[in-house]
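Chain by chain, the residues:
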Amino acid sequence: MRVSELKVNGVWAAWVWLGLLGCGTVPDSGTSGIAAIPDVMSQSVQSPGSERSGSIAAISEEEKTGQTASEQAHDGAQDIGGQTCMDIQWIGEPWENGDIVLSSLTHVVLKDGHFVVAAHDALGQVLIWPDPGKSPMVVSPHGQLACMEAYEDGYRVATIARDASNSGYALEVRTYDRENRELDGEMWKAATRGFEPDASSRCVFLSRREILATGTRPRGDSAPYHGLFKIASRALTFYDETRGQTASIVSGGLGPEGPELVLRQVCRRESNSPKWCHRAVRVNSSLDDVVNGDFVVKSENAYVVIGADGCLERPQGTACPDRPLALESVEPLQSVCGDAQASCFLYREKTASWLARIPHDGGKPQVWAFAPGLVVFDLTDPSSERGNRVRSLAAEIDETRPGVARKLGWIEIDLSCLEIHP
């Protein structure tokens with residue numbers, strides 16, 4: 001991407017700098033993949049059919065280092081005392097060759113099985129890849145991806161953008177059909193009664209005109225409300241129990257008993273110092289606790305609680321991998337693993353990523369090392385599966401900016417050595 005494609009004046013440059021400082025990874029669960037980190041915002045919007053110019057030059061890690069990704073994984077695993085057996089290869093040209101904010105990347109699967117991937121880059125362009133491997137279309141040249149959902153005939157995208165009417169920011173919702181055409185008359189702003197979304201926040205769709213998000217609502221001369229809100233086209237509901245809490249949405253959606261959320265917030269436990277943890281709640285007139293722990297991830301229809309050391313926490317006791325870990329995030333990888341006998345997750349430490357397989361019979365987690373700097377997402381290409389070889393979406397982390405991907409594309413993983421029995 002060329003900087004000349006963006007019109008950035010001094011004010012926007014300041015926002016870019018602040019946005020890059022805020023780049024970081026927030027643990028996520030399935031839908032979406034990954035939490036949004038805001039960068040640059042503006043109200044101007046390009047046509048969703050417009051594409052960014054410029055070719056992408058692919059330089060593989062094998063060309064840079066003389067090693068394949070699986071060889072790098074083997075070396076990295078030996079350095080940290082783990083094991084590896086997966087053969088990993090980059091496939092074809094990358095979708096994108098730099099500066100995608102990792103925590104913003106998400107995807108939805110449409111009713112016909114087609115998938116759409118979205119993210120924003122480090123300069124604040126919100127991008128959608130309706131055709132994997134081809135140039136993305138630009139939804140907003142200055143914005144942040146907040147949430148995305150599929151519906152019967154297409155998908156919806158909410159972005160955080162500058163709201164010129166109040167010199168602040170607002171959630172802007174756009175709706176696209178299956179052909180990726182924006183629907184006229186469906187764009188709306190979730191700015192009821194002055195609501196303004198938090199920077200670095202994500203949201204959750206409840207219906208066509210109803211969203212859950214964290215942010216602020218002014219109250220004249222009184223201190224503003226700040227926390228979790230339900231925003232509808234003409235109504236705003238504040239969840240008072242989030243007042244004074246630094247809570248951010250990790251993931252959410254509609255469960256069998258109504259809306260559910262996983263929140264990240266500071267937990268204060270007896271005999272322990274305060275720490276960041278996850279809290280799963282059902283959203284009714286109040287927030288009803290379901291479970292909490294270091295990491296809470298939705299796997300199929302149940303929540304899985306995993307400790308920062310990689311241990312699975314069950315009522316009957318914990319089950320730990322062979323070596324203690326120091327996890328920074330946990331994300332589902334069930335589509336990659338495809339194992340009916342176990343649940344699979346991406347375990348991420350500061351300098352390593354692991355495929356973790358947790359048997360349903362209560363056995364301990366087994367972990368295999370990915371190549372250092374490789375992040376794998378819960379999105380596979382079904383047309384490419386051949387036996388235990390799976391094509392999955394992956395990104396390569398920028399060494400100097402851990403929250404930014406410098407390469408995004410398909411990898412092929414040979415899982416035969418994991419003894420998976422679908």
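Residues numbered from 1 in each chain as written. Predicted model: local features only at pLDDT ≥ 70, side-chain atom pairs only at ≥ 80, totals over all residues. Heavy atoms only, no water.

## Digging into the state of the cysteines
Tallied over the full model, the rule gives 4 disulfides. Each disulfide pairs two cysteine sulfurs, and for Cys267 the partner residue is Cys277, the sulfurs being separated by 1.5 Å. Residue Cys267 is located in strand E17 (residues 258-267), and its partner Cys277 is located in strand E18 (residues 275-283); the two are separated by 10 residues in the primary sequence. What makes Cys267 buried here is its relative accessible area of 12%. Disulfide pairing places Cys337 opposite Cys344 at an S-S distance of 2.1 Å. Like Cys344, Cys337 is buried. (Disulfide = S-S within 2.5 Å. Helix = DSSP H or I, 4+ residues; strand = E, 2+ residues; numbered from the N terminus. Buried < 20%, exposed > 50% of the residue type's maximum accessible area, 1.4 Å probe, protein only.)

## Comments concerning the nonpolar core
Membership of the largest hydrophobic core comes to 39 residues, with the highest contact counts inside it found for Met86, Phe370, Leu374, Val376, Leu393 and Ile413. In contact with Leu374, other than residues within four places in its own chain, are Ile88, Trp90, Ser353, Ala394, Ala395 and Ile411. Counting residues in each nonpolar core, the second largest holds 19 residues, with Trp188, Phe195, Ile211 and Leu236 among its members. (Core = buried A, V, L, I, M, F, W, Y, C linked by side-chain atoms within 4.5 Å. Contact = heavy atoms within 4.5 Å.)

## Section: the packing of aromatic side chains
By the definition in use, this model includes 7 aromatic pairs. A ring pair is formed by Trp95 and Trp129, whose centres lie 6.4 Å apart and whose planes are at 45°; its orientation type is tilted. One end of the pair, Trp95, is in strand E1 (residues 87-96); the other, Trp129, is in strand E5 (residues 126-129), and 34 residues separate them in sequence. Like Trp95, the residue Trp129 is buried in the burial classification. (Phe/Tyr/Trp six-rings, centres within 6.5 Å; stacked < 30°, edge-to-face > 60°.)

## Some details on unusual backbone geometry
One non-glycine residue, Asn180, adopts positive backbone phi at about 65°. Relative to the elements of secondary structure, Asn180 occurs in the loop between strand E9 (168-177) and strand E10 (188-190). Look at Arg193: it is not a glycine, yet its phi comes out positive at around 55°. Here Arg193 is to be found in the loop between E10 and strand E11 (196-197). Given the relative accessible area of 48%, Arg193 is considered partly exposed.

## Some words on the sheet that holds strand E24 (residues 329-332)
Within the open sheet, the 4 strands sit side by side as E24-E25-E26-E27. Their pairing is antiparallel. Two strands lie at the open edges of the sheet, namely E24 and strand E27 (366-369), each paired on one side alone. Averaged over all pairs of adjacent strands, the angle between their axes in this sheet comes to 30°, without regard to strand direction. In the sheet, strand E25 (residues 342-348) pairs with strand E26 (residues 353-359) via 7 bridges, with the strands oriented antiparallel. (Pairing = 2+ DSSP bridges. Axes fitted to C-alpha atoms, helices over the stretch in contact; angles between N-to-C directions.)

## Side note on the environment of Leu263
Counting through the fold element by element, Leu263 comes out in strand E17. With 16 residues separating them in the primary sequence, Leu263 and Arg279 have C-alpha atoms 5.1 Å apart.

## Digging into the environment of Gln334
By the secondary structure assignment, Gln334 is in helix H4 (residues 334-337). For the pair Gln334 and Leu379, spaced 45 residues apart in the sequence, the C-alpha separation amounts to 9.0 Å. Residue contacts for Gln334: discarding those within four places in its chain leaves Asp339, Ala342, Ser343, Cys344 and Asp378.

## Comments concerning the sheet that holds E10
Pairing is antiparallel in the open sheet, where 4 strands are placed in the order E7-E8-E9-E10. A strand with exactly one partner marks an edge of an open sheet, and here the two such strands are strand E7 (144-151) and E10. With strand direction ignored, the average angle separating the axes of adjacent strands in the sheet is 30°. Sheet analysis places strand E8 (residues 154-163) next to E9, joined by 10 bridges and oriented antiparallel. Looking across to E9, one finds that Arg156 is bridged to Thr175.

## Section: the confidence of the model for the protein
For the protein, mean pLDDT is 78; residues scoring 70 or higher make up 78% of the total. Note that pLDDT drops below 50 for residues 1-66; the model gives that stretch 186 contacts with residues more than four away or on any other chain. Scored below 50 in pLDDT, residues 74-82 shows 13 contacts in the model against residues more than four places distant or in partner chains. (pLDDT = per-residue confidence, 0-100.)

## Examining the side chain of Arg357
When you line up the elements, Arg357 lands in strand E26. The exposure class of Arg357 is buried, given its relative accessible area of 10%. At a separation of 2.6 Å, a polar atom in the side chain of Arg357 contacts the side chain of Asp339. (Polar contact = N/O pair within 3.5 Å; in protein donor to acceptor, adjacent residues only side chain to side chain.)

## Some details on the environment of Val296
Along the polypeptide, Val296 turns up in strand E20 (residues 295-299). Separated by 33 residues in the primary sequence, Val296 and Leu263 have C-alpha atoms spaced 9.0 Å apart. Residues contacting Val296, with those up to four places away along its chain left out, are Val262, His278, Ala280, Val291, Tyr303, Val304 and Val305.

## Observations regarding the pairing of strand E30 (residues 404-414)
Residues in a regular strand project their side chains so that they alternate between the two faces of the sheet. With 10 of 11 residues buried, E30 is to be regarded as a mostly interior element. Pairing geometry for E1 and E30, over 6 bridges, is antiparallel. Within E30, the position partnered with Glu96 by the bridge is Leu408. Taking the residues that link successive antiparallel strands as the turn, the strand E29 (residues 389-397)-E30 hairpin has 6 residues.

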